[in-house]
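Breakdown of the fold
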Amino acid sequence: MAHLRPAPHPDYRITRIYVLHEDAWHIELDHRDAKCLVTAVIPDEDPAREPSFHLFAPDGHDVPYEVMEWFMAEAADEVRAIRAWTKLPPAAVDTVVALREVVRDGWDDEDGPALLALLSGVLPADQVAAVVLEVLSLDTAALAGPPPTPAAVAALRGRMTEAGWRSGTTDG
């Protein structure tokens, strides 16, 4: 995500990196003479992990108020964008977690109609759209196709169960 606001001071900038072993985005406030003065850590895989901040300011480096305010606003925007799915109802959050595992194990374009049928049976339309957007970065229209067979829906449900879909909302 690009900076939404210009830096209030030319000596400061923000670096955004994904730390794979943490499953988290790091939004770092850098100074031309010092890196990582403040780091916002924003987990994007585990809804139970909350965003946090790490303060490193070496040698007592002072960060001006307007720079810190700018950094905090940028971090807040990132949290809203990256963690929006964690505010969905529990069944939808569980669905996102399980579908991410299914997608990692191998997602096929033919899975789209089965996914829509499965989700439409347990979630309201706006939550279906939010889950599909979060997991596949697609609009639900992109998944449309001929109606899936009951076997295709059952197979996808089985893969999600294996991936740990804990909500139990797909049992019926």
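Whatever comes next refers back to the structure up there.
Residues numbered from 1 in each chain as written. Predicted model: local features only at pLDDT ≥ 70, side-chain atom pairs only at ≥ 80, totals over all residues. Heavy atoms only, no water.

1. Things to note about the nonpolar core
- In this structure, Leu99, Leu115, Leu119, Leu123, Val131, Val132 and Met160 are the most contacted members of the largest nonpolar core, which totals 25 residues.
- Residue assignment for this core shows that the elements contributing at least two residues are helix H2 (90–106), helix H3 (111–120), helix H4 (125–136) and helix H5 (150–162).
- In terms of residues, this core owes the most to one element, H2, which gives eight residues.
- Once residues within four sequence positions are removed from consideration, Val131 is found in contact with Leu88, Ala92, Thr95, Val96, Leu99, Leu119 and Leu123.
- Ile27, Trp70, Phe71 and Ile82 belong to the second-largest nonpolar core, a separate cluster that totals 14 residues. (Core = buried A, V, L, I, M, F, W, Y, C linked by side-chain atoms within 4.5 Å. Buried < 20%, exposed > 50% of the residue type's maximum accessible area, 1.4 Å probe, protein only. Helix = DSSP H or I, 4+ residues; strand = E, 2+ residues; numbered from the N terminus. Contact = heavy atoms within 4.5 Å.)

2. Quick look at the packing of aromatic side chains
- According to the stated counting rule, one finds two aromatic pairs in the structure shown.
- Ring plane angle 70° and centroid distance 5.1 Å describe the contact between Tyr18 and Trp25, whose orientation is recorded as edge-to-face.
- Look at Trp25 and you get partly exposed, because its relative accessible area is 29%.
- Taking the ring centre of Trp85 as reference, the NZ or CZ of Arg100 above it sits at 4.7 Å. (Phe/Tyr/Trp six-rings, centres within 6.5 Å; stacked < 30°, edge-to-face > 60°. Lys NZ or Arg CZ within 6 Å of the ring centre and 35° of its normal.)

All we've got here are geometric facts, nothing functional implied.
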